[in-house]
Every structure is written in structure tokens, then in C-alpha cells.
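Residue strings, one per chain:
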Amino acid sequence: MLRVDRIRVLYEGIPALHEVSLEVKKGELVAVVGANGAGKSTSLKAIVGTVKPASGMIEFEQKDITRFTTPEIVRLGIVYIPEARHIFGPLTVEENLLLGAFTSNSEKEVKEHLDYVYQLFPILKERRKQRGETLSGGEQQMLAIGRGLMTRPKLLMFDEPSLGLMPKLVSELFKTISLLKEEGFTILLVEQNVREALEIADRGYILQTGRTIHTGTGKELLESEMVRKAFLGL
Amino acid sequence: MELTTQLIIYGVLMGLVFALIALGLSLIFGVMNIVNFAHGEFLMVGMYIAYLLSTFLHLDPLLSLPIAAMAGYLLGIMSYHLLIHQILRGPMVAQLFGTFGLMLFLRYLAMYIFTPDVRSIKQGLLVGKTLSLGWVTLDLSKSVSAALCMISFGIVYWMIYKTKLGRALRATSIDSEAAQYMGIDTKKMNALAWGIGGATVSLAGSLLAHFYYVTPTVGMLFTLIAFAIVALGGFGSISGAFVAGIIIGLIMVISGHFLSELKFTFVYIVYFLVVVFRPRGLFGW
């Protein structure tokens, strides 16, 4: 479904990504793990088109989308749930969700997806008239995820969703993400919580200083010497 | 009693016109964080459109409203694409000087074409007529202009707060990066803010021309009034612009009646006090 082929990204001339390649197949949950500054977020931003690769190619459903603009990419069905959530604070919960459906033109579909999100996160329904900024951190994360589901995207990309959440909420978050996979969503997950991410992932990639250096199934990676040493401190 | 009523009514009427003038300045600031120094020049363009159509084509200035609004919309969109979008990449000062340059360009282009002569509209359905409401007599052109400004303001308000497009515009103004992730073309939203800003202020200009003289430098005064309104109402706040417009209108008309030379001084004293004591304005963040 998604194929990233040796992309290189420069920030003001300095390489942020040297050579990143990865692939996501339909229905898969793929995790990208690595240390802070390894280029995980930059990789997702390149896929959604807010940063442009200097070289390399990004293909989605056999279409070259490397030069597409962000709105065009979102319309193809790729949704990016940003790090730090980026809730529209002054807008209500429901307005935030409706903005997630901006690219949808069918009112009936929007209604259906809104009901789906409210059923997944009942607390959001309770708070639908409240301003987004009045929600707690965990509720804001639900809102960010719910907003990302409003178009039933073909590919859902999470950027460090566990950042800033209490440990109890982190395990709930990973449960939600596995649940979404079971419901048929294709997911690309970027995480610093290496163990939890690899435990729920079908496959994973290890990113180090702007390169994908290792890949395998979630289980293989968890058991690999490199991951155990570098990330799990074993 | 009669005088007080009359002053208050005129204050509110002028305030409604001011509110529509300030709306675009606030909107553009809210969406893009850019202060448009050429705002008053957009007003001047609307005034000249009403004047020219009335003088040379004998078109009633009321009929020039849609033409002025359309021209203002195009002027706003063009300013965005040809100038603002290009200087966005530059530092903050580049943006400041960019719109300042646009102001000078439009002002002196008008000076070249129309000469500095002071002109006014001589004929029209509303020009020079009065309206009697019991014990107060009002200038008909001011009353109708104020009513039309209020209606236009209401339409823009509805568009921003009740439609999907307006929701996208507000999202862009709150967090432009996140708006892109929703699939919103933020460049289009920026252009739209400039278009609406240009259309509303130019429309206000064509109404203002009913009872206010037209010169190439008229924009300066109204830019400053609009600044005072936007500061008082809160930068980027639409309802703030409405309330502050009326407050400034009242201050100007009432102080103007008693101390006519000082009426603008009072407006800028308010501006000064707001900046010092409540910099976020009445309805800001």
C-alpha cells in the first residue's frame, strides 16, 4: 500500500534523513522505533507532504505521491495524527471532529463516522460541546485519534501518541491502537516506547541517525540483540 | 435629551460602518498574523469606485456596492498571491514593509490617476435626504449605510461561524499546520481571508462615499481608526471588532460634537490605554 524508497530529507541543507525506506501492506500495523532525533517524525512528515524529500520516492497504492501537496495526500486517504496532538483548542470537541472530516463530501458518511468515534470514545460524546483545550491530556489524545478516524482513512499514521501520557493511559492507548488494527485499519506507528510498540506491531523498522538500519517482525526485533541492548537496556 | 439621543444614534451608525471597515483587518490578522497597512487603501478603492460610477456613468452609488465588493475581493486575492505569499518566507519585518509598500503604491497610484483633489458624490437615491423618526431626524444615507454594513457583517459572521468553509478558516487561524493535516488547503484559506477582507472594506468604502469626501489619502485616517478598533476588540476577534467598532463610533461622534478638533485624539487615547492596560483587547485570546 505504502512504499517509501530511499528518501533523503534536508532541513536548511543539513540532512535530517539520510536514507529511509519502509513499506506498509494493507491491514498491517507497522512500528518505526528509534531514539530521539533519529528521524521518525520527519519520515511521517515526508509521507504526509509537509516536508519534501530531496531525493527518493514515496508511493501510495502504486501512485508516486512524492511531489503531492498535503491536502492532496490527505484526500488520497493518508491521515497523520501529529505529535503533541495539535487540537484546535478554542473549537468544540465536535467541531474538531468535523474538521477531521473536512475532505469528506457526504454528510451521511460524516454522521456515520461521528457516531463510530463517539461509540469508540464515549467521553468525547459527553464533552462534545466543550472547547478542546478544556479536555485532559488523555481525552485530547482520544480527540486527536477520533479526528483522524473521521474519514476512515486507508492509512493511519501515529506520531509518538504516548508522549506526555500517564503510564496507565499509555497501556490503554496501545490497546486502542491494536483494536483499530483488528477493525481493519492499516497503521504506521512511530514510537519511543519501543517495547510496547513492537509488541503490538506486525513488523517494525529501527531508525538510527536518519537511516532505516534494521527490520523484521515485531517479535524478531524484540528478541534481537541490537534492540535489547540499544533500547531495552537488557 | 434630543441632542443626546441624536448623538448616540449617530455614534452607533458610524460605529456599524467602522465595524465593517475593521472586520477585514482583524480577519487577516487572525488567520495569518499579518497587519495589513494597506487596509485603508482598499477602502479608498471602494470609495473611488462609487464616486466614478456615480459621476461618469450616473449609476446610483447603491448599485456600485456589488461592484465595489467584487473589486475589493479581487484586490485582496491579488495582493495575497502577488505580494503577501511571496514575502511570507521572509522575516517579520519583510511582511511589515510589504503591506506598507502596498499602501504607498495604492495611495500614490490614486494620486497620479485622480490628482489630490477632494471629491464627493453629488447625486443618488440616498444622498442629502433625511429620515424622520418621531423627534429625531437622521441623515438617510448614514442610516441606510449603517444598516447595510450591519447586514454585511452578519453575513460574514454567519459564514465564519456556521459553515464548513468558515470552520476551515478558523482552524487555519488557530493552527495552520494542524489544518493542513485535516486536508485543508491553507494557502486557499489565506487567500480567502484577504478576499473577504478586501471585499468588506471596499464595500464599506462605497457606502462611506455617500457622505464622506473622497481623496487619495483618505485611507490613512481609516486605517488608524481600524487599528484602534481591532486593538480594542482584540486582534483576530470578529465579535470584538463589532463591539469595539460601535464603542469607537460613539466616542468619536460624542467627543466630536463637543471638541470637534480633538475627536481623533480621543480615539487614539482609547487605543493607547488598551495597548497599555489590556493589550489583548476586550475579546482577545
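Parameters and conventions
Residues numbered from 1 in each chain as written. Chains lettered and ligands numbered in written order. Predicted model: local features only at pLDDT ≥ 70, side-chain atom pairs only at ≥ 80, totals over all residues. Helix = DSSP H or I, 4+ residues; strand = E, 2+ residues; numbered from the N terminus. Rg over C-alpha atoms; globule rule 2.2 N^0.38 Å. Buried ≥ 20, exposed ≤ 12 C-beta atoms within 10 Å, placed from the backbone. Contact = placed C-beta atoms within 7 Å. Nonpolar A, V, L, I, M, F, W, Y, C, P; charged D, E, K, R; others polar. Axes fitted to C-alpha atoms, helices over the stretch in contact; angles between N-to-C directions. Parallel < 35°, antiparallel > 145°, perpendicular 65-115°, else oblique. Pairing = 2+ DSSP bridges. pLDDT = per-residue confidence, 0-100. Left-handed = near helix turned anticlockwise from the far one by under 90°. Core = buried A, V, L, I, M, F, W, Y, C linked by C-beta atoms within 7 Å. Right-handed = clockwise from strand over helix to strand, strands pointing away.

(A) Structural detail: the overall build of chain B. When its secondary structure is counted, chain B shows 11 helices and two strands. Shown N-terminal to C-terminal, the secondary structure of chain B runs as helices and strands in the order α-α-α-α-β-β-α-α-α-α-α-α-α. A compact globule built from 285 residues would reach a C-alpha radius of gyration of about 19 Å, and chain B, at 18 Å, matches this within 12%. Out of the 285 residues belonging to chain B, those deemed buried represent 52%.

(B) How the structure looks around the overall build of chain A. What chain A contains, in helices and strands, is 10 helices and 10 strands. Its C-alpha radius of gyration of 17 Å places chain A within 12% of the 17 Å reference for a compact globule of 234 residues. In terms of overall dimensions, chain A has C-alpha extents of about 50 × 40 × 30 Å along its principal axes. Evaluated residue by residue, chain A yields a buried proportion of 44% over its 234 residues. A separation of at least 24 residues holds for 66% of the contacts in chain A among residues at least 6 apart in sequence.

(C) Expanded view of the interface of chain A and chain B. Each side of the interface is counted separately: chain A has 19 residues, and chain B has 14 residues. Among the elements of the structure, helix H2 (70-76) and helix H3 (93-100) of chain A are those that each provide at least two residues to the side of chain A that touches chain B. Split into classes, the residues belonging to the side of chain A that touches chain B amount to 11 nonpolar, six polar and two charged.

(D) Highlighting the packing of helix H5 (residues 140-162) of chain B against helix H8 (residues 186-208) of chain B. All names here are of chain B. Remark: H5 packs on H8, axes separated minimally by 10 Å, with the N-to-C direction vectors making an angle of 170°. The orientation of H5 with respect to H8, classified from their angle, is roughly antiparallel. For the pair H5 and H8, the contacting residues are Ser145, Leu148, Cys149, Ser152 and Val156 in the first and Ile196, Thr200, Leu203, Ala204 and Leu207 in the second. Tallied by class, the residues present in the contact of H5 with H8 amount to seven nonpolar, three polar and no charged.

(E) Main features of the pairing of strand S8 (residues 186-191) of chain A. Residues and elements named next belong to chain A. Here S8 lies mainly inside the structure; six of its six residues are buried. Across the two faces of S8 the burial is the same, with Thr186, Leu188 and Val190 and Ile187, Leu189 and Glu191 all buried. The pairing of strand S3 (residues 29-34) with S8 spans five bridges and is classified as parallel. By the bridge assignment, Val32 is partnered in S8 with Val190. In terms of strand pairing, strand S7 (residues 155-159) meets S8 through five bridges, oriented parallel. Bridge pairing in S8 places Met157 opposite Leu188.

(F) Representation of the confidence of the model for chain A within the structure. Of the residues in chain A, 99% have a pLDDT of 70 or more, and the chain-wide mean is 92. Element-level pLDDT for chain A is lowest in helix H10 (residues 225-230) of chain A, with a mean of 78, against a maximum mean of 97 in H3 of chain A.

(G) Examining unusual backbone geometry more closely. Phi at Glu12 of chain A takes a positive value of approximately 50°, unusual for a residue other than glycine. Inspection of the secondary structure puts Glu12 of chain A in the loop between strand S1 (2-11) and strand S2 (14-24). Even without being a glycine, His58 of chain B presents a positive backbone phi close to 50°. Take His58 of chain B: there are 9 C-beta atoms within 10 Å of it, and that puts it in the exposed class.

(H) Seen up close, the packing of helix H2 (residues 39-56) of chain B against helix H9 (residues 218-233) of chain B. Residues and elements named next belong to chain B. Put simply, H2 and H9 touch, their axes get as near as 7 Å, and they point 130° apart. Considered as vectors, H2 and H9 are oriented oblique to each other. Handedness of the crossing formed by H2 with H9: right-handed. Between H2 and H9, the residues in contact are His39, Gly40, Glu41, Leu43, Met44 and Met47 and Val218, Gly219, Met220, Phe222, Thr223 and Ala226, respectively.

(I) View of the nonpolar core. Core analysis: the biggest nonpolar cluster contains 162 residues, and Met157 and Leu189 of chain A together with Val17, Ala19, Ile229 and Ile248 of chain B have the highest contact counts within it. Counting residues per element, this core draws most heavily on helix H1 (residues 2-32) of chain B, which supplies 17 residues. Those residues in contact with Ile229 of chain B, other than ones at most four positions away along the chain, are Phe18, Ala22, Ala241, Ala244, Gly245 and Ile248 of chain B.

(J) Looking closely at the environment of Phe114 of chain B. Residues and elements named next belong to chain B. Relative to the helices and strands, Phe114 is located in helix H4 (residues 92-114). Residue Phe114 is classed as partly exposed on the basis of its 16 C-beta neighbours within 10 Å. Through-space distance from the C-alpha of Phe114 to that of Ala147 is 30 Å; in sequence the pair is 33 residues apart.

(K) Structural detail: the environment of Ala199 of chain B. All names here are of chain B. Within the secondary structure layout, Ala199 lies in helix H8. Here the alpha-carbon distance between Ala199 and Gly24, two residues 175 residues apart in the chain, equals 8.3 Å. Contacts of Ala199, omitting those with residues within four sequence positions, involve Ala69, Gly72, Tyr73 and Gly76.

(L) Structural context of the environment of Arg127 of chain A. Residue and element names in this part refer to chain A. Inspection of the secondary structure puts Arg127 in the loop between helix H5 (122-126) and helix H6 (137-149). In the structure, Arg127 is positioned 12 residues away from Glu139 in sequence and 9.6 Å away in space, judged by C-alpha atoms. Beyond its immediate stretch of four places on either side in the chain, Arg127 contacts Val93, Leu135 and Glu139.

(M) Geometry of the pairing of S7 of chain A. Residues and elements named next belong to chain A. With respect to burial, S7 is a largely interior element, five of its five residues being buried. Here S7 shows no split at all, with Leu155, Met157 and Asp159 on one side and Leu156 and Phe158 on the other all buried. Where strand S6 (residues 78-81) and S7 come together, four bridges link them in parallel fashion. Within S7, the residue paired with Val79 across the bridge is Leu156. In this fold, S7 hands off to helix H7 (residues 167-182), which returns the chain to S8; that crossover is right-handed.

(N) Geometry of the confidence of the model for chain B. Residues and elements named next belong to chain B. The share of residues in chain B with pLDDT of 70 or more is 100%, and the mean pLDDT across the chain is 92. Taken element by element, chain B is modelled with least confidence in strand S1 (residues 130-133), mean pLDDT 82, and with most confidence in H8, mean pLDDT 96. The complex prediction reports pTM at 0.90, with the ipTM value standing at 0.91.

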